[in-house]
Structures are given as structure tokens and as C-alpha cells.
Amino acid sequence: MPQFRAVFDTMVAYKAGQAVVAPDGRSFKLSSNESPEPPLPSVVRAIAEAATQIHRYPDPAAGRLIEALAARYGVPAEHLALGAGSVTVAQQLFEAVGEPGAEVIYAWRSFEAYPLLADLSGVTSVRVPLKDETHDLDAMADAITQNTRMILVCNPNNPTGTANRAGELKRFLDRVPEHVLVILDEAYREYVRDAEVPDGLTIYRDRPNVAVLRTFSKAYGLAGLRVGYLIGQEPVAGAVRKAMMPFAINHLAQAAAVASLQAEQELLARVDTVVAERTRVRDALVAQGWPVPHSEANFVWLRLHADTPAFAAACAAAGVSVRPFGEEGARVSIGDREANDAFLHAAETFRRA
């Protein structure tokens, strides 16, 4: 019998959001934080043109994409590192800092891949409970030890949608030793409308131990092609590039990401529609009597405790898939208006029952 690492005996595999189908055939997938809109025609054309060259290996350095990102954000190319989705860039980060005895701090509950990546890299997870559904940055700073290598701040946080503001984040960063790497995971940055929530790119330039993690999966609608990136000062970005698997960003993904940056204004207009729906959905849930924190992402969070499984099952029976987290709560992505209305009807029905 083959022998595997002992951690595999206790490690819980990542669980993705699932689609469901109601008896009447209706199906609304609100469990994966995907864009409700298909790719723009210009992006589809770029993918089709790139498909004629898929018998060739992709550019291992993703030169055109690096150049486009550097121009878009006004950063040096050497400050960029790529990966197959931001979760893979996070894995590269864990590999860059991970070794026995090293500790990585993150809030809990936060992005559910963090514990998995920590276990795989051999580091010790230090989970700091949320406070009012938001990162407790004071407690996270208190948790730093001589073994701390990295701190992850998911801002806005997945799955609660809450965000930490500039003042508290500055106070937190001032307490973090310079040798401890702080990653601002901003997968949902494009959906932020609170002016007090800082853009991590305005922070990293003056703090060599801070880097920003972003993705093309959400606002840019390229979840199926897997493109993520990190922006950090050269020593950080360089280490992440070393941990990147060769040819990780495929040819179609590179072409689609470049085309998406060229069509950014059109794409971000779609984001405004999602934000408007987010407000409508939250207001309706609050009117129904649900406690729903303000969200700065493309989803809302309901703290349901023991009712979580039953709520998810009731939504599934109505053809709406949501993302339950044990007996803590459910995360519900913002879809198109029809999907959101179906969810709101299911939530109201459950509430009355």
C-alpha cells in the first residue's frame, strides 16, 4: 500500500460551489461568486484567434500580459508575478515562505483554500476569529510570533463580504515586523464602493513587506481560464515567480486577460450592475428580517448558525444553489436579476416557515 504524507489523513479537500436543478427544471448557480455575464465579444474574438496557436506552448513569461498589467497599474514589470488564478498565486506564496515551524496567520472564517494551502506547504495555521464578521486586525497583530512568516488579509473578506478600512489597516501594518510578509487578498477589489476601504496598490509601494493579490476570475469574468497575479516589490514578486509552474498561464488565458484589460471600461460597467443588484438584494433580505452585513464583494453573507443546512436545502429545492459553510452561515453570489429574485423568494419562504 503506498504511503502518503500524514497531513493527508486530516486535510479536508477544497469544496467548490455546486449547481442544483429544481423539479421544474429551474437552475440558478449562486454558489461560486462567478460573473453573471458571459465574456465580451472582443474577448471571445481574442480567444478564438489565440486558439489557432494552441499546438504551441504558451509564452512561459506571459510577456504581453505582464506588459499590459504593468501599464494598467503603473508598476514596474518586475513587481508582477502570475499564476493560474489567484488561489494558485497564493499557493506559490505558501511555497515561498513555507517550511516546518513557520506560521501563517489568517482570519477565520475567510477564504477556505487558506487552510488547505497551509497544510500542503507544511506551515502551521494560526486562525484568528472574525469580529463583527470582519478581520480583527488587533487580534491578528497580537498573534504574531517569532515564527510568523506571512499574514493574509482578505479584503473584502470571503465569505462575509466585509472590508477593513484604511485607518485600521495602517495601524495594523505599523505593528507588523518588516520581515513578516502581509498579503492583501483583493480578489473582489473591483466591487468595493466604500471610499474608506484602501486600494492595496497605494500601500505596497511604501511597504516592502506588503503585496497585493488579484484575479481575472470575478469582475473580468474569466473564471474558466484561471489568471491571477500578485503585485509586490521585486524581492516578493521574484520569490513568487520562482514558485510558478512552467507554462502555468495557458495561451488562451493570456490572450483573454490582455483583451479584458483593453475592454476594461466596458467590463467595469457590468460591475456597476452587480453592485446595484447587491444593494437591492441586501436591502430586500434586511426587510425580510435577515441580519446581513454590508458587503463590498459580489456576494452577501447570512449568519444562519444551525439553520444553515436547512436553508441551503430549501434554496436548492427552489433551484437556487448557495454556498453553505457548516453550521455557520451561507454565502450567496449576486447573479442576474432573475436569479436574485428566485433566491429572494426562496429566502422569504424559508423565513416565513
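Residues numbered from 1 in each chain as written. Predicted model: local features only at pLDDT ≥ 70, side-chain atom pairs only at ≥ 80, totals over all residues. Heavy atoms only, no water.

Under an unreviewed UniProt entry, the chain has the name Aromatic amino acid aminotransferase and belongs to Acrocarpospora corrugata. For the record of the chain, the UniProt heading Function (unreviewed entry) holds the text "Aminotransferase that catalyzes the conversion of aromatic amino acids and 2-oxoglutarate into corresponding aromatic oxo acids and L-glutamate." (UniProt positions renumbered as here; feature names shortened; annotations may be inferred.)

A. Structural detail: a nonpolar patch on the surface. A surface patch of nonpolar side chains, about 320 Å² in accessible area, is lined by Phe4, Phe8 and Leu120. Note that Phe4 resides in the segment before strand E1 (28-29). (Patch = residues over 30% accessible without salt bridge, like charges linked within 9 Å, V, L, I, M, F, W, Y side chains within 5 Å. Areas by Shrake-Rupley, 256 points an atom, 1.4 Å probe, with all protein chains shown as cover. Salt bridge = Lys/Arg side-chain N within 4 Å of Asp/Glu carboxyl O. Helix = DSSP H or I, 4+ residues; strand = E, 2+ residues; numbered from the N terminus.)

B. A look at the UniProt feature "modified residue: N6-(pyridoxal phosphate)lysine" (unreviewed entry) in the chain. UniProt annotation of "modified residue: N6-(pyridoxal phosphate)lysine" (unreviewed entry) refers to Lys218 when read in the numbering used here. Relative to the helices and strands, Lys218 resides in the loop between strand E7 (210-215) and strand E8 (228-232). Residue contacts for Lys218: discarding those within four places in its chain leaves Ser32, Asn33, Ser35, Ala187, Tyr188 and Tyr191. (Contact = heavy atoms within 4.5 Å.)

C. Main features of the sheet that holds strand E11 (residues 323-325). If you walk across this open sheet you meet the three strands as E9-E12-E11, and the pairing is antiparallel. Lying at the two open borders of the sheet, with one neighbouring strand each, are strand E9 (299-303) and E11. Put simply, the sheet's adjacent strands are angled 20° from each other on average, direction ignored. Here E11 runs beside strand E12 (residues 329-333); their pairing, made up of three bridges, is antiparallel. Its bridge partner being in E12, Arg323 is matched across the sheet by Arg331. (Pairing = 2+ DSSP bridges. Axes fitted to C-alpha atoms, helices over the stretch in contact; angles between N-to-C directions.)

D. Structural detail: helix H2 (residues 63-73). Every buried residue belonging to H2 is among Leu65, Ile66, Leu69, Ala70 and Tyr73, and all of these are buried. Here the buried residues of H2 occupy an arc of 135° about the axis, which is enough to place them on one side. Turned more than 90 degrees away from the buried face of H2, the exposed residues are Arg64, Glu67 and Ala71. Buried residues in H2 make contact with strand E2 (80-83), E7, E8 and helix H8 (251-262). (Buried < 20%, exposed > 50% of the residue type's maximum accessible area, 1.4 Å probe, protein only. Arc of directions from axis to C-beta.)

E. Summary view of unusual backbone geometry. Along the chain, Trp108 connects to Arg109 via a cis peptide bond; the corresponding omega equals 15°. Within the secondary structure, Arg109 is located in the loop between strand E3 (103-108) and helix H4 (113-121). Omega for the peptide link from Asn158 to Pro159 comes to 25°, which places this bond in the cis form. Note that Pro159 resides in the loop between strand E5 (148-154) and helix H6 (166-175). Notably, Asp132 is not glycine yet its phi reads approximately 55°, a positive angle.

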